[in-house]
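For reference, the chains in residue letters:
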Amino acid sequence: MLVVDVKIQLSEEYADSNSITSSQEQTFTLVYCEADIPTTCEDWTTHHFLSLLLGTKLTAPGRLEYLHFIGTGAAVCTATYTDGSTATFTPVVIGGNNNYTTIDVSPDRFTTAGKTLASYTITAGSRHQQYDIDFRKPDCAPVLLFTNSFGCDELMYCTGLATKAPTFKRDSAYIGGKKQNYRIQETRTFKADTGPLSEDMADWFGEVMRSPYVRLVTFRNGSPNVGREIVIDDSKTEQTNALDEQPRFTFSYEYAQRNHNVVELEREGRIFDNTFDYTFN
């Protein structure tokens, strides 16, 4: 639960008696957060969505994007098109309760016939989040759904080279005069590259690395499928302030389950990964 209402009853009594001499009730609201933020909870939740992304996010047509915020107020999207015109939309509420709201801010929801979407800004009260459109429409592998520092789900799209590198450990022995593998253990390791990131998104990428719960998302015929849980076991997230360097990070991951012999029906007929097929499409 992202928000919890707490009530504490404090009572005082003498050590040699069971009679209560005084009592007091304390109530407060607890907002889940793992980040060290140098401001008050009220200030943060009033002016920010439940994400540590503090700048513009780069997205592309066909991607899913979600935002979460404390409260139940209405949100507004202002879309800007390449011809300079603008349009206003109301994002669809897809989750939440009387404490918080989740809205769908995928770029495909803000398109207009005959125009090309260039960017859009989501506003909910004093909160603002801008999205810029990547006109290259790069293919993504992997797509990660992860739990951020506020207990909310966010999506990360990696546009760099994806690699599958399984390893096998075999135990063998001579059984009945014949050498046999009596145990074969597969570790299916995947290597991923985020692709070039802006400084804002590079800072936000740390949320993926520290997330305790990460899952793979695949798309088939435009429909998303939240797949298996993974664990990130190695990463290179070095970032410098060099003016001629654009941040990009690499990491490796494997399935969280013991059985790595996973059949990927969502990639039926594909060669290697999404990035490869996109290159030679």
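Coordinates for the structure precede this section.
Computed from a predicted model, the values in this text were never measured in an experiment.

A. Looking closely at the nonpolar core. Within the largest apolar cluster, 21 residues are counted, with the highest numbers of intra-cluster contacts made by Leu144, Met156, Leu197, Phe205, Ile230, Phe251 and Tyr253. Secondary-structure elements contributing two or more residues to this core are β11 (143-147), β14 (178-193), α2 (199-204), β15 (214-220) and β17 (250-255). When residues no more than four places from it in sequence are discounted, the contact partners of Leu144 are Glu154, Leu155, Met156, Val208, Val214, Arg215, Leu216, Ile230 and Phe251. Among the nonpolar cores identified, the runner-up in size contains 17 residues, and Leu67, Phe69, Ala79 and Ile133 belong to it.

B. Just the packing of aromatic side chains, in detail. Counted under the stated rule, the structure contains 11 aromatic pairs. Residues Phe205 and Phe251 carry aromatic rings whose centres are separated by 5.9 Å and whose planes lie at 45° to one another, so their mutual orientation is tilted. One end of the pair, Phe205, is in the loop between α2 and α3 (206-210); the other, Phe251, is in strand β17, with 46 residues separating them in the sequence. Each member of the pair, Phe205 together with Phe251, is buried. Clustering of aromatic rings is evident, with ring pairs tying together Phe190, Phe205, Phe249, Phe251, Tyr253 and Tyr255.

C. Expanded view of the sheet that holds β17. Spatial ordering of the open sheet is given by β12-β11-β15-β16-β17-β14-β13, a layout of 7 strands whose pairing is antiparallel. The open sheet has two edge strands with one neighbour each: β12 (153-157) and β13 (163-175). Taken over all neighbouring pairs, the strand axes of this sheet differ in orientation by 35° on average, direction set aside. Sheet analysis places strand β16 (residues 223-236) next to β17, joined by 6 bridges and oriented antiparallel. If you follow Asp234 over to β17, its bridge partner there is Ser252.

D. Examining the side chain of Ser252 more closely. Along the chain, the position of Ser252 falls in strand β17. Overall, the relative accessible area of 10% leaves Ser252 in the buried class. Engagement of the side chain of Ser252 in a polar contact is seen with the side chain of Asp233, the distance being 2.9 Å. Excluding its chain neighbours within four sequence positions, the residues that come into contact with Ser252 are Thr189, Phe190, Lys191, Val231, Ile232, Asp233 and Asp234.

E. Spotlight on the pairing of β11. Counting buried positions along β11 yields 5 of 5 residues, so the element is predominantly enclosed. Covered by surrounding structure in β11 are Val143, Leu145 and Thr147 together with Leu144 and Phe146, the residues of both alternating faces. Between β11 and β12, which pair antiparallel and follow one another directly, the connecting turn spans 5 residues, one of which, Gly151, has a positive phi of 80°.

Rules used throughout
Residues numbered from 1 in each chain as written. Predicted model: local features only at pLDDT ≥ 70, side-chain atom pairs only at ≥ 80, totals over all residues. Heavy atoms only, no water. Core = buried A, V, L, I, M, F, W, Y, C linked by side-chain atoms within 4.5 Å. Buried < 20%, exposed > 50% of the residue type's maximum accessible area, 1.4 Å probe, protein only. Helix = DSSP H or I, 4+ residues; strand = E, 2+ residues; numbered from the N terminus. Contact = heavy atoms within 4.5 Å. Phe/Tyr/Trp six-rings, centres within 6.5 Å; stacked < 30°, edge-to-face > 60°. Pairing = 2+ DSSP bridges. Axes fitted to C-alpha atoms, helices over the stretch in contact; angles between N-to-C directions. Polar contact = N/O pair within 3.5 Å; in protein donor to acceptor, adjacent residues only side chain to side chain.

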